[in-house]
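# Report on the structure
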Amino acid sequence: MKRLVVLVLGMLAAVTVFAQSAVDTSYPIGSVIGDPLPSAPALAPRGPFAVGVTTLEMVNPNQVDILASIAQKANIVSDRHLKVEVWYPALVNPGQVQITQYTEFLGRADQPGTLIPFKFTGRAVRDATPDTSQNPYPLVVISHGYPGSRYMLSYLGENLASKGYVVAAIGHTDSTYEDVGNFVSTLVNRSFDQRFVISEMLRLSASDSMWKNFCDPSKIGLVGYSMGGYGALRSMGAGCNDMVKAYAGDFAAPILASPTDAGDPRIKATVLFAPWGGTLGTNPTGLWDQNSLAKITIPTLWIAGSQDDVAGYKGIVNLFNASVNSKRYLLTYDNALHNVAPNPAPPEAVTLAQYYRWADPVWDSRRVNNINEHFVTAFFDLYLKGDTNAGAYLNVPVENSNDGVYALNKDGTKAPNFSYWPGFPPRTALGLHLRVVTP
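Quick notes on the rules
Residues numbered from 1 in each chain as written. Predicted model: local features only at pLDDT ≥ 70, side-chain atom pairs only at ≥ 80, totals over all residues. Heavy atoms only, no water. Axes fitted to C-alpha atoms, helices over the stretch in contact; angles between N-to-C directions. Helix = DSSP H or I, 4+ residues; strand = E, 2+ residues; numbered from the N terminus. Parallel < 35°, antiparallel > 145°, perpendicular 65-115°, else oblique. Left-handed = near helix turned anticlockwise from the far one by under 90°. Contact = heavy atoms within 4.5 Å. Nonpolar A, V, L, I, M, F, W, Y, C, P; charged D, E, K, R; others polar. Salt bridge = Lys/Arg side-chain N within 4 Å of Asp/Glu carboxyl O. Buried < 20%, exposed > 50% of the residue type's maximum accessible area, 1.4 Å probe, protein only. Expected span 1.5 Å × (residues − 1). Bend = angle between axes of the 7 residues up to and from the residue. Polar contact = N/O pair within 3.5 Å; in protein donor to acceptor, adjacent residues only side chain to side chain. Core = buried A, V, L, I, M, F, W, Y, C linked by side-chain atoms within 4.5 Å.

## Quick look at the packing of helix α4 (residues 183-206) against helix α5 (residues 227-235)
Between α4 and α5, the least distance of the axes is 8 Å, while the angle of their chain directions is 55 degrees. For the element pair α4 / α5, the angle class is oblique. When you trace α4 past α5, the crossing you get is right-handed. For the pair α4 and α5, the contacting residues are Phe183, Thr186, Leu187, Arg190, Ser191, Gln194 and Arg195 in the first and Met227, Gly228, Tyr230, Gly231, Ala232, Arg234 and Ser235 in the second. Along the lines of polarity and charge, the residues of the contact of α4 with α5 split into 5 nonpolar, 6 polar and 3 charged.

Laid out in structure tokens, this is it:
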């Protein structure tokens, strides 16, 4: 009987893999960024929805143009243009190939001669018809690092869309590889961009467009990486101390902590990958006002490398600790640096500088992507969809994954001393810490 059960489970697993890979044998599972490795935890594989992708041009009118204002030494106002990549549940024809090509860049525009385009493959159908069978869907906004791009976390955008989310990844003007401007623009505009894109996605969902009733205004999540994490902290109500004036000068007012600050009430949960700003100066929370971090009241998932030398791991932990009114989780990749969020390095990255824009010296980026897919899915499924079963994956029995014991009885049931992280196959929950704090 036991052998029969194992056989049936094996057949079901084979069917699952076939269902994901049968669309096009030219791109088998494991060949595209974000695909689950054999060691992937339980929630890393894609969900039941086909995925569409489209590029939206959004215009935020009458915004302070930081670069023009600095150049002309005057307060210049203009329309702010943003490119936004949207992944969403989609309808595809039987046998239609779920494959697309994205264009990304090595180098950066402010370093002459380094900007080199390259293409990589994703699992989505360009401009596919939205699947309205189960709408409205939760909305998740992704905000990249400095510099970066709207494709920086494409694996996560596709993965969440396949699980019934609408995902809008911002290409922040003045902050992309193609368009690197003065850092002041990034400091000031990050949170404004995040809030504006939420508003635009909800406006489209309320209109008579193809997106009508597609996004659930009561279920909105935010993902920020590095400077995107900095912006997310501001969007949740935290503000900076006077130290930020050394970076933003005359434009510091919108990001300084104020008694009237409040988080965007539409955002219900936030993922912070290595948020920036916590290690500057001697203040324990860097350029962040420590008291203002207490204004963060929504659930947060923080993800960082223990050796982060860009945002600074100690500073990230201090920001985490100061967010005293948030139910929060801190997932740490032991011995990882700053790149705990982006896609893996492409084959075109042949120099050390190119390669280490994405890669980590210790961790396999594909493995990191899978673990991120697992925990981000559990987090948003719990706090945006109310799925307590998914949330159980956040309830790890031991903080240090290395201390977990994978022990089974002879009949295959868990032994009394079983303490392995939920969802991780045996011998795979290693090199991780997950700290959980209740406000």
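## Topic: the pattern of salt bridges
Pairing is possible between side chains of opposite charge, provided their charged atoms come close. The full count for this structure, using the stated rule, is 12 salt bridges. The closest approach of N and O atoms between glutamate 85 and arginine 126, which form a salt bridge, is 3.0 Å. Here glutamate 85 is found in strand β2 (residues 77-91), whereas its partner arginine 126 is found in strand β5 (residues 125-126), with 41 residues between them in sequence. For arginine 126, a relative accessible area of 30% puts it in the partly exposed group. Among the ionic pairs, aspartate 364 bridges to arginine 366, the shortest N-O distance being 3.1 Å. Looking at aspartate 364, the relative accessible area reads 33%, which means it is partly exposed. What you see here is one network of salt bridges that share partners, running through Arg80, Asp174 and Asp193.

## Focus: α4
Each full turn of the α-helix corresponds to 3.6 residues, which orients residues three or four apart in the same direction. For α4, spanning 24 residues, the distance from its first C-alpha to its last is 35 Å, which sits close to the expected 34 Å at 1.5 Å a residue. Its maximal kink placed at asparagine 189, α4 deviates by approximately 50 degrees. Where α4 starts, the residue carrying a side-chain oxygen 2.9 Å from the main-chain nitrogen of valine 184 turns out to be asparagine 182.

## Considering the nonpolar core
Counting residues in each nonpolar core, the largest one holds 123 residues, and the members touching the most others are Phe273 and Phe380. Per element, the largest residue contribution to this core is 9 residues, and it comes from α4. If sequence neighbours within four positions are ignored, phenylalanine 273 has contacts with Leu153, Leu156, Val223, Gly224, Tyr225, Ser226, Ile303, Val340, Ala341, Asn372 and Val376.

## Examining unusual backbone geometry
Between asparagine 135 and the following residue, proline 136, the backbone shows a cis peptide bond with an omega angle of 5 degrees. Within the secondary structure, proline 136 sits in the loop between β6 (129-130) and β7 (137-143). Cis geometry is found at the peptide bond from tyrosine 146 to proline 147, where omega equals -20 degrees. Residue position: proline 147 is located in the loop between β7 and α3 (154-161). We note that asparagine 213 has phi near 55 degrees; this positive angle belongs to a residue other than glycine.

## A few points about the environment of proline 48
In this structure, proline 48 sits in the loop between α1 (2-21) and β1 (50-64). With a relative accessible area of 77%, proline 48 lands in the exposed category. In this structure, the C-alpha to C-alpha distance between proline 48 and proline 89, residues 41 residues apart in sequence, is 9.2 Å.

## What to know about the environment of isoleucine 267
Its place among the elements puts isoleucine 267 in strand β12 (residues 267-273). Linking isoleucine 267 and glycine 278, residues 11 residues apart in sequence, is a C-alpha distance of 22 Å.

Honestly, it's all geometry; don't read function into it.
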